[in-house]
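Analysis of the macromolecular model
Okay, here's what each chain looks like letter by letter:
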Amino acid sequence: MQNLSPLQTAIVEAIYNKKGKKVSIIDLEKIESSPAPAMIVCQARSSAQVGAIADNIIDEVQKNLHIKPYASDGFRNAQWIIVDYGSVMVHVFQPEVREFYRLEDLWSDGVITELPDED
């Protein structure tokens, strides 16, 4: 995974470790109104997997980089969980919720990189 920060790399690896799919990295650095310089978006098959991916991201980033998120939300229903690291916002979706909100379309002015699924 070239051109990714250590934080972004750790997040993507944590997503893949829990079988997350359709990972997109949205570079928003040149967009003044963006909530963060980068977003990572992925999806999971069920609310249990959404929660497992988000938990794994938090655990692995803390363990490997000693970084805690500023905030996280969505664990109660686990249809969409967001984990905010300040420089990177992570969105873990169930497919139908991701399709509804279409973050990649909303932030299409950014540079979007779609990573291949790992099997």
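Up top you'll find the structure we're talking about.
Now for the overall build of the protein chain. On a plain count of helices and strands, the protein chain comes out with four helices and six strands. Order of helices (α) and strands (β) in the protein chain, N terminus to C terminus: α-β-β-α-β-β-β-α-α-β. Here the protein chain holds 119 residues, and 45% of them are scored as buried. For the protein chain, contacts bridging at least 24 residues in sequence account for 58% of all contacts bridging at least 6. Summing over all exposed atoms, the protein chain offers an accessible surface of approximately 6900 Å²; the carbon and sulfur share of this is 48%. Distance between charge centres in the protein chain, computed from 11 positive and 18 negative side chains, equals 7 Å.

Most of strand β2 (residues 38-43) sits inside the fold, with six of its six residues counted as buried. Side-chain alternation along β2 places Ala38, Ile40 and Cys42 on one buried face and Met39, Val41 and Gln43 on a second face that is also buried. Here strand β1 (residues 21-27) runs beside β2; their pairing, made up of five bridges, is antiparallel. The residue bridging Ile25 from the neighbouring strand is Ile40, located in β2.

With twelve residues, helix α1 (residues 6-17) ought to run about 16 Å at 1.5 Å a step, and its terminal C-alpha atoms sit 16 Å apart, in line with that. Burial analysis of α1 places nine of its twelve residues in the buried class, the great majority of the element. All of the buried residues along α1 are Leu7, Gln8, Thr9, Ala10, Ile11, Val12, Ala14, Ile15 and Tyr16. Buried residues along α1 sit in contact with β1, β2, α2 (47-65) and β5 (88-93). Two residues or fewer after α1 comes Lys19, characterised by a positive phi angle close to 65°.

For the rest of this paragraph, the subject is the environment of Ala36. Inspection of the secondary structure assignment puts Ala36 in the loop between β1 and β2. The class of Ala36 is buried, set by a relative accessible area of 3%. Put simply, Ala36 and Tyr85 are 49 residues apart on the chain and 8.8 Å apart in space, counted from C-alpha to C-alpha. Leaving out residues up to four positions away in the same chain, Ala36 has contacts with Leu28, Gly86, Ser87 and Met89.

It is worth spelling out unusual backbone geometry at this point. Of note in this structure, Lys22 is not a glycine but carries a positive phi near 50°. Inspection of the secondary structure assignment puts Lys22 in strand β1. Here Ala78, not a glycine, exhibits a phi torsion of approximately 50°, which is positive. Note on placement: Ala78 falls in the loop between β3 (71-73) and β4 (80-84). The class for Ala78 is buried, based on a relative accessible area of 7%.

Rules and cut-offs
- Residues numbered from 1 in each chain as written.
- Predicted model: local features only at pLDDT ≥ 70, side-chain atom pairs only at ≥ 80, totals over all residues.
- Heavy atoms only, no water.
- Helix = DSSP H or I, 4+ residues; strand = E, 2+ residues; numbered from the N terminus.
- Buried < 20%, exposed > 50% of the residue type's maximum accessible area, 1.4 Å probe, protein only.
- Contact = heavy atoms within 4.5 Å.
- Areas by Shrake-Rupley, 256 points an atom, 1.4 Å probe, with all protein chains shown as cover.
- Lys, Arg positive; Asp, Glu negative; His and termini not counted.
- Charge placed at Lys NZ, Arg CZ, Asp CG, Glu CD.
- Pairing = 2+ DSSP bridges.
- Expected span 1.5 Å × (residues − 1).

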